[in-house]
Each structure stands twice: as C-alpha cells, then as structure tokens.
Amino acid sequence: MTCDTWRERLDAYIDDSFPPEELNQLEEHLRVCPSCAAEALHRLKLKHATKAAAAARFAPSSEFRSRIAQGMPSRRKRLFGDLWIPGLAVAAAILIALAGSSVWEWHAQRQQALAELVDLHVTTLASVNPVDVISTDRHTVKPWFQGKLPFSFNLPELENSPFRLLGGKLVYFNHAPGAQLLCASGKHQISVFILQGDWKFALSGTFPASAREKGFNIESTRSADLRILLVSDANPGDIHELAELLKAAQQP
Amino acid sequence: MPYFAQLYNFACWLIGDRVAAEDLVQETMLKALRGFSSYQQGTNFRAWIYRILRNTFLTSQTGLKATASLDSEDDALPEPATLETPESILLVRHEQSAIRSALESLPIDFREVILLSDVEEMSYQEISQALGVPMGTVMSRLSRARKAMRGLLTAASEGVKR
C-alpha cells in the first residue's frame, strides 16, 4: 500500500475507527514512514485543537436556562413560528403523555411522522446531492437498493405518464431503513418513501390517507406489507395519481 | 435536559446567532417532547436529538439559505500543497481564533460533520444517524471537510506571514 493510500485512511485512524484487523499494518507503516507519521500527528493535533476551540464556545445564558427549566416560551419573535406550541399546551401534553394517554401517543406519533417526512423531503431538495442513485430508468434505480433494504419493491413504468423518475437514496424513517425516490411532476418534485409497514400506526391504519403539513401535501397508501408515502408541494390530484401507479406496480 | 449545553453550542455554530440558536434549541426540545414516544429505548438518544435539531435548522429560513448557497460536494476550497504545515504555527500563535474563524468559513455540511466528530466526539455510526446519511458519506465528507479546514488555515497562515 502506498503512502497516498494510507493517508486517505488516516482520518479513520485518528477517529479511533480504523478496522482493528488492519491496525497493525498501519502502525507498522507509521513506524517506518516519518512523513505519514508527521501527517497523522498534525491531523491529531488539529482534531484536539478544534475541540479546544469550539467546545463550549457558546454557553447558554442563565436566563435561557431558567426559561427552559420552567418550560415557558420566549417573548421574542421566533424564527420557527409555525412550529411553536404554547408553553401551556406543552405542559398539558406532557401531563397527558405521562398519564399514558393512548390518544396523545397516537397524535404525537402521527405528528412526528408527518413532520419527519416533510423534514426528509425538504432536506433532500435543499441538498446539493439530493439522491445517491441518479437515473430516470427504473431498471437502474430499483437494483441499486438490492442489499441495502430488508425488503423489495417494484417501480412503475413512468414513460407515458406525467411523471419522471429522478433517482433514489436510502433513508431511515422511524429508525428503520427505507427507500426514498425522487420524481418530478412538471416543475414540482415529489418524494416517494417506500417503507416496511410494520410500525404501530401503519398497522393500526391510523395514518391518514392524505394530510397537509407545513404547506406540503402528504399521501399515504399501502400495498401488501409496504407503506408508500408521498410528500410534495404538487397538487394533491397529481400526488394521488402517482401513488396509484406505485400501488399498482406492487401487485403481483 | 440531557445535552442541553452541547446542543446550544452546536446550534450557535450552525446558525451563527445566539438568539436564533436559543429558538432552535427550544424548538428542538419541543419536538423531542412531542416525539418522545417515537424514540426507541436502547437506540442512540444523542444521535436522535441532534438529528431533530439539525432537521429543524435545515427547514428554517436560515438553514435553507445556508444549504442553498452550498457549493458542490467537490468544494474548490484550497488544500495544503505540501506536508509543510503552516497551520502548526497558527496552532501555537493564533490557534483558537484561527480555528474558529476557519470553522465559521466552512460550508454548513462540512462544519457540522467536524463539530459532531471533533467536538462532540461522536462515532461515525452516531454521525451517520444524526445526519441521516450512510457511514461512507460521513467518512468522505469528514475527509473533505478536514482538507478544506487545513486549506483555510494554510491560507490564513500565509496571510499572517505577509
């Protein structure tokens, strides 16, 4: 292995993430190569210096600490206005949750799921690399997920439809892996999440067929044991049409 | 609240404004409370709550602007040309201010991965969960981020020399 190859892996070494089975080899190289050893030392020093410079650089004020401890909202104008729920509602929600209310649990799960889906969609659109496999060909996109997901799914032929496949990537939703596909409908982009439908609210059928969250339309459908969720600012009719195509593609 | 001070520090680094960081942390805590029933006991709580904070930031106006202005993954930030390490001079003389300034200059996706790795000392697995990207992406992004950081420090040290 050349010095360049070792250097590409020095970050893993200084982060204590180097494969143990190769550690001896690397350390042997560092013993005989002063140049690589110096490089490793510089990187390690920079890592430690970064921690010293950036950790606890900003400490919360005592006023903010006490405000959080009291669970009360700020009186200032907030940046995240739509997301705020008043302090009293939070206190009530916590009390209800502590009392073990299934209604609260269901509501919280549903709201969290909707918010997380929208977050994933927005983050994808904001990313410089929105998808990991870029292709309009379903025969390229579907096989890319092989070995990455504990389930399989089918993609419809979109050639004669108003939709275009843009690509896909692996996502984690509700702590489980799933597929996120990106489709275009005119100038709108639609995220399609294909997940295993074994989470509580999916099985109980309480996840809404359609919903609106922060201005985005969300549609949910099921096919066999898969849950298909679509998120977009496109109109609900277009989203529904794509959902139906996806659902039909899962039929044997 | 676990990780309260660390979340606030991380939020300040992301958003660059103390007042906005307070709102971001407050919002993160509300979301965490609302969604706590979805948190699976035994999984990584720290990665879970950092992910909530980060997603909240990304969907805020500030976050959207920050990510929209990002360059491509192959950022054209200067890299150190040789093993000569002018940053070592800075580490001694102007270490903290130089590093802070370099961190602030990094694109947001580079800054956050360095903060999670070097400041929060998260494992690659934890960072992967917090950022919602595969481990391979964490490793390559961290490597590019550190190169960019070294490039900025090199450029800063050349400015000091002049």
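Our structure's up above, just so we're on the same page.
Reference entry: report on the structure contained in this document. (Residues numbered from 1 in each chain as written. Chains lettered and ligands numbered in written order. Predicted model: local features only at pLDDT ≥ 70, side-chain atom pairs only at ≥ 80, totals over all residues. Heavy atoms only, no water.)

Scanning chain A from N- to C-terminus turns up ten helices and seven strands. Expressed as a percentage of its 252 residues, the buried residues of chain A come to 47%. Accessible area for chain A stands at about 12,900 Å²; split by element, carbon and sulfur atoms hold 55% of it. (Helix = DSSP H or I, 4+ residues; strand = E, 2+ residues; numbered from the N terminus. Buried < 20%, exposed > 50% of the residue type's maximum accessible area, 1.4 Å probe, protein only. Areas by Shrake-Rupley, 256 points an atom, 1.4 Å probe, with all protein chains shown as cover.)

It is worth spelling out unusual backbone geometry at this point. Positive phi, normally seen in glycine, also occurs at A:D16, with a value near 55 degrees. Tracing the backbone shows A:D16 in the loop between helix 2 (10–14) and helix 3 (20–32). The phi angle at B:E121 is positive, at roughly 55 degrees, despite the residue not being glycine. Looking at the element boundaries, B:E121 is found in the loop between helix 7 (108–119) and helix 8 (124–131).

Attention shifts here to the pairing of strand 4 (residues 188–196) of chain A. As a general feature of sheets, a regular strand has side chains that alternate between the two faces. All names here are of chain A. Two strands pair when backbone bridges link them, and strand 3 (residues 176–185) and strand 4 are joined in this way by seven bridges, in the antiparallel orientation. Bridge pairing links A184 to Q189 in strand 4. Counted along the chain from strand 3 to the antiparallel partner strand 4, the turn is two residues long, and its residue G186 has a positive phi close to 60 degrees. Across seven bridges, strand 4 lies against strand 7 (residues 226–232) in antiparallel orientation. Bridged to L195 within strand 7 is R227. (Pairing = 2+ DSSP bridges.)

With that settled, consider helix 7 of chain B. Residues and elements named next belong to chain B. Counted at 1.5 Å a residue, the expected span for helix 7 with its twelve residues is 16 Å, and the 15 Å between its end C-alpha atoms agrees. A large share of helix 7 lies buried, amounting to twelve of its twelve residues. When we look at burial in helix 7, the residues that qualify are I108, D109, F110, R111, E112, V113, I114, L115, L116, S117, D118 and V119. In the segment just after helix 7, E121 is the residue with positive phi, at about 55 degrees. (Expected span 1.5 Å × (residues − 1).)

All names here are of chain A. One open sheet accounts for seven strands, arranged 1-2-3-4-7-6-5; its pairing is antiparallel. Of all strands in the sheet, those bounded by a partner on one side alone are strand 1 (133–134) and strand 5 (210–213). Pairing of strand 2 (residues 163–173) with strand 3 involves ten bridges; the strand directions are antiparallel. When the bridges of strand 3 are listed, L170 appears paired with A179. Helix 10 (residues 236–249) contacts strand 2, strand 3, strand 4, strand 6 (216–223) and strand 7 of the sheet and is inclined by roughly 20 degrees relative to strand 6. (Contact = heavy atoms within 4.5 Å. Axes fitted to C-alpha atoms, helices over the stretch in contact; angles between N-to-C directions.)

Below, the discussion takes up helix 4 (residues 34–54) of chain A. Residues and elements named next belong to chain A. Taking 1.5 Å per residue as the helical rise, helix 4 with its 21 residues ought to reach 30 Å, and the 30 Å between its terminal C-alpha atoms agrees with that figure. Turning to helix 4, its buried residues are C36, E39, A40, H42, R43, L46, K47, A49, T50, A53 and A54. After helix 4 finishes, the residue A56 shows a positive phi value of roughly 55 degrees.

Let us look at the pairing of strand 5 of chain A. Residues and elements named next belong to chain A. The side-chain alternation of strand 5 yields one buried face, formed by A211 and E213, and one unburied face, formed by S210 and R212. Both strand 5 and strand 6 contribute to a ladder of four bridges, which runs antiparallel. If you follow R212 over to strand 6, its bridge partner there is N217. What sits between strand 5 and strand 6 in their antiparallel hairpin is a turn of two residues, with K214 showing a positive phi close to 50 degrees.

Another point: the packing of aromatic side chains. Tallied over the entire structure, the rule returns ten aromatic pairs over all chains. Ring centres 6.4 Å apart and planes at 90 degrees place the aromatic pair A:Y13 and A:F18 in the edge-to-face group. Owing to a relative accessible area of 8%, A:F18 belongs among the buried residues under this scheme. Ring geometry for A:F58 and B:W13: centres 5.5 Å apart, planes at 75 degrees, overall edge-to-face. With A:F58 in the loop between helix 4 and helix 5 (62–70) and B:W13 in helix 1 (residues 4–15), this residue pair bridges two chains. Assessed through its relative accessible area of 3%, B:W13 is described here as buried. Chaining the aromatic ring pairs together yields one cluster made of A:W6, A:Y13 and A:F18. The lysine or arginine in question, A:K148, covers the ring of A:W144, its NZ or CZ lying 4.2 Å from the ring centre. (Phe/Tyr/Trp six-rings, centres within 6.5 Å; stacked < 30°, edge-to-face > 60°. Lys NZ or Arg CZ within 6 Å of the ring centre and 35° of its normal.)

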